Amino acid sequence: MLKNFMKEGQKLPLFGVGPYIVYGIAMVNLIGIILFGYVFKIGILQSPWTLIFRIAGALLIILGLVIWYIGALRSDMDASITENKLQTKGIYAWVRNPMYSGWWIALTGITFMWHNACMLSLPLIDWAIMTIALINTEEKWLLNLYGDEYTEYKKHVNRCIPWKRK
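Residues numbered from 1 in each chain as written. Predicted model: local features only at pLDDT ≥ 70, side-chain atom pairs only at ≥ 80, totals over all residues. Heavy atoms only, no water.

1. Notes on the layout of surface pockets
Computed from the structure, the second largest pocket encloses a volume of approximately 160 Å³. Around the second largest pocket sit Ser75, Asp76, Ala79, Ser80, Glu83, Lys85, Leu86, Gln87, Thr88, Lys89 and Gly90, which together line it. Partitioned by chemical class, the residues of the lining of the second largest pocket number 2 nonpolar, 5 polar and 4 charged. (1 Å grid on protein atoms, 1.4 Å probe; cavity = no way out; pocket = protein on both sides within 12 Å on 5 of 7 lines; lining within 4 Å. Points joined across faces, edges and corners; volume = space filled by probe spheres on them. Nonpolar A, V, L, I, M, F, W, Y, C, P; charged D, E, K, R; others polar.)

The following block contains the structure:
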């Protein structure tokens, strides 16, 4: 199970900026849901779009939670961090940040549940927030810690969107 501790010589914190990124994109989505769905009441789609968006939303929520679960609890990431080893196996061969990606995908699914065309911009805003935050924090830390190994890893594995190795 995950433990938030630092052992002597450990270079990266176990949780890093993750909670701030997830809370940030969740707040963007919450504000969008309130504004578009309840205050302005614009962009609301009717049948058959309601069903399509809700099915897509449910699938995205499930997919996001599965990706987060594998990345956070089934990948031995806490051991890699405490041993200062770059994790590149399992889901980390498909996406560099599965925990953030999982939440991003799940939050996208939640916004789909409101079947609102105006909210389709929210996942793009979330992606931009997540990308900018990761580039300016964890990617700098990892590049400093692992150097060429991380540079090569970045060439082959996407930052946020799970995809088969190039």
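2. Here we look at helix α1 (residues 18–39)
In a regular helix each residue adds 1.5 Å, so 22 residues correspond to 32 Å; α1 covers 30 Å between its end C-alpha atoms and thus fits that length. For α1, the complete set of buried residues consists of Gly18, Ile21, Val22, Ile25, Asn29, Gly32, Ile33 and Gly37. When α1 is viewed along its axis, its buried side chains cluster within an angular range of 105° and face the same direction. Those residues of α1 that are exposed and aimed more than 90 degrees away from the buried face are Tyr20, Tyr23, Tyr38 and Val39. Buried positions along α1 lie against α4 (98–112), α5 (122–136) and α6 (138–146). (Helix = DSSP H or I, 4+ residues; strand = E, 2+ residues; numbered from the N terminus. Expected span 1.5 Å × (residues − 1). Buried < 20%, exposed > 50% of the residue type's maximum accessible area, 1.4 Å probe, protein only. Arc of directions from axis to C-beta. Contact = heavy atoms within 4.5 Å.)

3. Focus on the nonpolar core
Membership of the largest hydrophobic core comes to 22 residues, with the highest contact counts inside it found for Ile21, Tyr100, Met130, Leu134, Tyr150 and Tyr153. Of all the secondary-structure elements, those providing two or more residues to this core are α1, α3 (77–82), α4, α5, α6 and α7 (148–156). Sorting elements by how many residues they give to this core places α4 first, with 4 residues. (Core = buried A, V, L, I, M, F, W, Y, C linked by side-chain atoms within 4.5 Å.)

4. Here's the deal with the packing of aromatic side chains
Per the stated rule, a full pass over the model turns up 4 aromatic pairs. Ring pairs connect the aromatic residues Trp49, Phe53 and Phe112, which therefore count as one cluster. (Phe/Tyr/Trp six-rings, centres within 6.5 Å; stacked < 30°, edge-to-face > 60°.)

5. Describing the packing of α1 against α5
Taken N-terminus to C-terminus, the directions of α1 and α5 make an angle of 160°; their axes are 10 Å apart at the nearest point. Between α1 and α5, the angle falls in the class roughly antiparallel. The two elements α1 and α5 meet at a crossing, and its hand is right-handed. Taking contact as the criterion, the partners of Ile21, Ile25, Val28, Asn29 and Gly32 in α1 are, on α5, Leu122, Ile125, Asp126, Ile129, Met130, Ala133 and Leu134. Of the residues that constitute the contact of α1 with α5, the class distribution is 9 nonpolar, 2 polar and 1 charged. (Axes fitted to C-alpha atoms, helices over the stretch in contact; angles between N-to-C directions. Parallel < 35°, antiparallel > 145°, perpendicular 65-115°, else oblique. Left-handed = near helix turned anticlockwise from the far one by under 90°.)

6. Regarding the pattern of salt bridges
As enumerated under the stated definition, the model contains 3 salt bridges in all. Salt-bridge contacts for Arg96 lead to Glu139; the nearest nitrogen and oxygen are separated by 2.9 Å. Placement of Arg96 in the loop between α3 and α4 and of Glu139 in helix α6 is noted, with a sequence separation of 43 residues between them. Comparing Arg96 with Glu139, the two get one shared label, buried. The residue Glu139 makes a salt bridge to Arg159 at a minimum N-O spacing of 2.5 Å. On the criterion of sequence distance, the pair formed by Glu139 in helix α6 and Arg159 in the segment after α7 is long-range, its members being 20 residues apart. Each member of the salt-bridge network shares a partner with another, and the members are Arg96, Glu139 and Arg159. (Salt bridge = Lys/Arg side-chain N within 4 Å of Asp/Glu carboxyl O.)

7. Concerning α4
Along its 15 residues, α4 runs 21 Å from first to last C-alpha, staying within 8% of the 21 Å computed at 1.5 Å per residue. Where burial is concerned, most of α4 is hidden: 12 out of the 15 residues are buried. Among all positions of α4, only Pro98, Tyr100, Ser101, Gly102, Trp104, Ile105, Ala106, Leu107, Thr108, Gly109, Thr111 and Phe112 are buried. Summarising the contacts, the buried residues of α4 are in contact with α1, α2 (49–73), α5 and α6.

8. Quick notes on the environment of Ile25
Of note, Ile25 is situated in helix α1. Assessed through its relative accessible area of 1%, Ile25 is described here as buried. With residues up to four places along the chain from it excluded, the contact list for Ile25 reads Trp104, Leu107, Asp126 and Ile129.

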